Amino acid sequence: MWDDAFPSFLIGLREGLEAGLIVSVLVATLVRAGAKSRLPQVWTGVLAAIALSMSFGAVLTFTAASLSTAAQEAFGGTLSIVAVAFVTAMVFWMRRSARNLAGEIKEKVTGALTMGAGVLVLTSFLAVGREGLETALFLWTTARAAHESAGPLTGAGIGLVLAAVLCWGLYRRVLSINLTRFFTATGAVLIVIAAGVLGYGLRDLQEGAVLPGGTAYAVDLSGSVDAGSWYSTLLQGVLNLTPTMTWLQVAGYVGYLGVVMTLFVRGVRGGAPSPRPTPTPAPEPTRRRPAWLVPVAVVAVPAVLAGLVVALARPKPAGGETVAVSAKNCGQGFTAPEPGRQTFQMRNTGDQTSEVYLIDPATHAVYGEIEGLAPGTTRDLVATVAGGTYAWRCVPADGKAVTSKAVRVGGEAGAGAVVPVSARDLAGPLRAYKAYVNRGLATLVTETRTLRDDIRGGHLDTARADWLTAHRTYASLGAAYGTFEDFDQKINGRPDGLPGGIHDKDFTGFHRIEYGLWHGQSAGELKGPADQLAADAAGLRTAFPHQDFDPSDLPLRAHEILENTLQFELTGDTDQGSGTALATADADLAGTRELLTVLRPLLTTRAPHLLPTVDAGIARLRTLLDAQHRDGRWTPVDRLGRTAKDRIDGATGQLLEDLSPVPDLLEIRKSA
């Protein structure tokens, strides 16, 4: 989190100090001029600036959330570049103006004192508002680059608090800081950080199909650099340098850094302005409104405006019409929608529950869907519309599919449609995977018999090593667990929920033997469980070819195997004394990799950018797990260092996120 927090900490400190200095000068000038009664006007302007900045951040967040994935990339990339422009301008302005800041602000206050209250409110609002808007924009872009908000917000919060403390100290003349040197040093660091934000923004624009060259990589170190290492995390979090970068990213990063840093270093400091006397303040006008009215208004108005912008940015029902769903009137009321994010109101006017798909009638690719739309109900279907042909397909629970008349939408064609998968498409991968499981079960039978013989012979040290070998073999068959029926509980069941716990008669299989081997039980006590495990493994091998294996389970297991790993192995919940949960996690990862191998042809044609990301995630997690396997021994989960544990959990969580589209991409959809 701190890697992601540092850039935001620096911008919070700089912008907070800049805004705080402006407020300090405003307050000091009023106090020295004997106009303390005007201080509420300053704080009102400051409050308005803060409200506007927070509202601006909310608009950025919620507006982006209502966009399609490609549009979000383009939106984020554009704002990243805008943020870089603002930060660059701010760096040069403070480099030039740090020495003269107090004089400039005093001049503005001097003019404001001779006018009404509104001018002083406006002066403080404009002085602080610019920094607030820049901070909100930079925070939004850094949080988006980090894929989380806790780190950037924490860093910015600490920076702003520290800036407030420094400004208070300066106001009280407790601290003495050379502001020119401070803004010069932090400016140089911010230029380096901004170069990384620019590179990230350019990458977003490439992924959003705004700029070309998204697959032209200048640097690809994903196979040799551990993305979870401390140095890689630091570079990615602080500088936005990633193991894989396109030529455009590299050119933007190097070009910006070379040009802007050179100009910054050569910058010329301006001279200080001549001081001007502070005039006598104008007499206070008679108060004609409640004291609370203006502060409440300046906070409420930006919030209300932000709410209106967010509401207007939400996807609207296409044409404001309801589209009928039934076996007779599928798509009735459907007219050509406008391009962009659209919400269609789908109402089932028939007498059967129905599946509803928005499709390309030429390719049958699916743009959006609703499952189980009951009779008489209305639900929203959200989809991104671009140039192309669209139609509705309604599939009643007990009837034939009906496709509506197609409509044509003009404009540039867009991405996002998923070519549907049938059971026939998954037949080949299913055969390949069942063959893999059959081979694994044959190996398992041999290995459990070896374990049985070890225990019968009293060779418990050998049995411990052979136990782990056999258990890893079983764990690598994770995608078939749903088809093993009762055998899985017998072979790999846990004592959780059993009345007698570890002493229950129904506690059998690998974990029962694990408990005995690592808790000092004798060979005689383990002989029965070992015999039963070998018999159950042989029974599973015989039964498996005749068990049902739903082809739709394959895409689901691509995500679920590692879900179980994160829930059980990486928490140590399954460990019965061996301390080898990470070895099991490694076997789970191998099973996931094998499953993706058989699904690769289907995924490549539907999401070509998904597999390289997943492959890199698997390599990263495997490297982290292998680092905990030293001298033939695995580090127990409860003995992992905090950093190592966080990295393994983080890599597993990220891989799960990368795998999450697989079930939707390869879902078997009804077509008849």
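Residue indices follow the written sequence of each chain, beginning from 1 at its first position. This being a predicted model, a pLDDT of at least 70 is required before a residue's local features are given, and a value of 80 or more before pairs of side-chain atoms are given or counted; all residues contribute to the totals for chains, interfaces and linings. Side-chain descriptors were evaluated using all non-hydrogen atoms of the structure, hydrogens and water having been removed beforehand.

1. A few points about the overall build of the protein chain
- Scanning the protein chain from N- to C-terminus turns up 20 helices and 12 strands.
- For the protein chain, the proportion of its 672 residues judged to be buried stands at 47%.
- Computed with the Shrake-Rupley method and a 1.4 Å probe, the accessible areas treat only the protein chains shown as cover for residues. By element, 58% of the accessible surface of the protein chain is carried by carbon and sulfur atoms, the whole surface being about 31,700 Å². Per the convention used, a helix needs a DSSP run of H or I reaching at least four residues, while a strand needs a run of E reaching at least two, with both numbered from the N terminus. Summary of the burial criterion: residues with accessible area below 20% of their type's maximum are buried, those above 50% are exposed, and those between are partly exposed, where the area comes from a 1.4 Å probe applied to protein chains only.

2. Side note on the state of the cysteines
- When two cysteine sulfur atoms lie within 2.5 Å, the pair is treated as a disulfide. Tallied over the full model, the rule gives 1 disulfide.
- Covalent S-S linkage joins Cys-330 and Cys-394, the inter-sulfur distance amounting to 2.0 Å. What sets the handedness of the Cys-330 and Cys-394 disulfide is the S-S torsion sign, and at about 80° it is right-handed. Of the two residues, Cys-330 sits in the loop between strand 3 (316-325) and strand 4 (340-348) while Cys-394 sits in strand 8 (residues 388-396), which places them 64 residues apart along the sequence. No difference in accessibility class separates Cys-330 from Cys-394, as the two residues are buried.

3. Concerning the packing of helix 11 (residues 423-456) against helix 12 (residues 460-475)
- Contact geometry of helix 11 with helix 12 gives a least axis separation of 9 Å together with a crossing angle of 165°. Accordingly, the angle class assigned to the pair helix 11 and helix 12 is roughly antiparallel. When you trace helix 11 past helix 12, the crossing you get is left-handed. When helix 11 is examined against helix 12, the residues Gly-440, Thr-443, Leu-444, Glu-447, Thr-448, Thr-450, Leu-451, Asp-454 and Ile-455 are found in contact with a partner set consisting of Leu-460, Thr-462, Ala-463, Asp-466, Trp-467, Thr-469, Ala-470, Thr-473 and Tyr-474.
- The class makeup of the residues in the contact of helix 11 with helix 12 is 8 nonpolar, 7 polar and 3 charged. For helices, the axis comes from a line fit to the C-alpha atoms of the stretch in contact; other axes are also lines fit to C-alpha atoms, and the angle between any two N-to-C directions lies between 0 and 180 degrees. Relative orientations are named as follows: roughly parallel for angles under 35 degrees, roughly antiparallel for angles over 145 degrees, roughly perpendicular for angles from 65 to 115 degrees, and oblique for any other angle. A clockwise turn of the near helix away from the far one marks a right-handed crossing, whereas an anticlockwise turn of less than a right angle marks a left-handed crossing. In this description, contact between two residues means that some pair of their heavy atoms is separated by no more than 4.5 Å. Note on residue categories: nonpolar means Ala, Val, Leu, Ile, Met, Phe, Trp, Tyr, Cys or Pro, charged means Asp, Glu, Lys or Arg, and polar means any other residue, Gly included.

4. A closer look at the environment of Ala-523
- With respect to the helices and strands, the residue Ala-523 is situated in helix 15 (residues 523-543).
- By relative accessible area, which is 19% here, Ala-523 ends up buried.
- Placed 65 residues apart in sequence, Ala-523 and Gly-458 show a C-alpha to C-alpha distance of 5.4 Å.
- Those residues in contact with Ala-523 that sit more than four places away from it in its chain are Ile-455, Gly-458 and Leu-460.

5. A closer look at the side chain of Asn-348
- With respect to the helices, strands and loops of the structure, Asn-348 is situated in strand 4.
- A relative accessible area of 2% places Asn-348 in the buried class.
- Among the polar contacts listed, one links the side chain of Asn-348 to the backbone nitrogen of Gly-350, at a separation of 2.9 Å.
- When residues no more than four places from it in sequence are discounted, the contact partners of Asn-348 are Val-325, Thr-353, Ser-354, Leu-373, Ala-374, Pro-375, Gly-376 and Thr-377. Here a polar contact means two N or O atoms within 3.5 Å. Within protein one must be a hydrogen donor candidate and the other an acceptor candidate, and residues neighboring in sequence count only if both atoms are side-chain atoms.

6. Quick word on the confidence of the model for the protein chain
- Each residue carries a pLDDT value, the predictor's own confidence for that position, ranging from 0 to 100. In the predicted model, the protein chain carries a mean pLDDT of 78, and 68% of its residues have values of at least 70.
- Long-range and interchain partners of residues 315-319, a stretch whose pLDDT sits below 50, account for 15 contacts in this model, where long-range means more than four residues apart.

7. Regarding unusual backbone geometry
- A positive phi angle, near 65°, is found at His-364, a position not held by glycine.
- With respect to the helices and strands, His-364 occurs in the loop between strand 5 (354-359) and strand 6 (366-373).
- Look at His-364 and you get partly exposed, because its relative accessible area is 36%.
- At Asp-631, a position not held by glycine, the phi torsion is positive, near 55°.
- Mapped onto the elements of the fold, Asp-631 is located in the loop between strand 11 (629-630) and strand 12 (633-634).

8. A short note on the environment of Arg-431
- As for its placement among the helices and strands, Arg-431 is situated in helix 11.
- Through-space distance from the C-alpha of Arg-431 to that of Pro-551 is 9.5 Å; in sequence the pair is 120 residues apart.

9. Some points on a nonpolar patch on the surface
- Where nonpolar side chains cluster on the molecular surface, the patch consists of Val-161, Leu-162 and Val-165 and spans about 250 Å² of accessible area.
- Relative to the helices and strands, Leu-162 is located in helix 6 (residues 150-171). Every patch collects residues that have over 30% relative accessible area and no salt bridge, joining them within 9 Å if they carry like charges and within 5 Å if they are nonpolar side chains (Val, Leu, Ile, Met, Phe, Trp, Tyr). The working definition used for a salt bridge is a side-chain nitrogen of Lys or Arg within 4 Å of a carboxyl oxygen of Asp or Glu.

10. Here we look at the nonpolar core
- Ile-455 and Leu-603 are the most contacted members of the largest nonpolar core, which totals 68 residues.
- At 11 residues, the largest contribution of residues to this core is made by helix 17 (residues 581-606).
- When near neighbours in sequence (up to four residues on either side) are disregarded, Ile-455 contacts Leu-460, Ala-463, Ile-513, Ala-523, Leu-526, Lys-527 and Ala-530.
- In this description, a nonpolar core means a group of buried Ala, Val, Leu, Ile, Met, Phe, Trp, Tyr and Cys residues linked to one another through side-chain atoms lying within 4.5 Å. In terms of nonpolar packing, the next biggest core, distinct from the first, is built from 20 residues, Met-346, Val-356, Val-385 and Ala-386 among them.

11. Some thoughts on helix 11
- The terminal C-alpha atoms of helix 11 lie 47 Å apart, and with 34 residues this matches the ideal 50 Å at 1.5 Å per residue to within 8%.
- Take the seven residues that end at a residue and the seven that start at it, fit an axis to each, and the angle between those axes is the bend at that residue. The sharpest bend along helix 11 reaches about 30° and sits at Pro-429.
- Looking one or two residues past helix 11, Gly-458 carries a phi angle of roughly 80°, positive in sign. Working rule for helices: expected span equals 1.5 Å times residues minus one.

12. A look at the pattern of salt bridges
- For the structure shown, the criterion picks out 14 salt bridges.
- A salt bridge links Arg-494 to Asp-496, with the shortest nitrogen-to-oxygen separation between them at 3.6 Å.
- For Asp-646, the salt bridge identified is with Arg-642, shortest N-O distance 3.1 Å. Placement of the pair is Asp-646 and Arg-642 together in helix 19 (residues 642-659), with a separation of 4 residues, close to one helical turn.
- Look at Asp-646 and you get partly exposed, because its relative accessible area is 39%.

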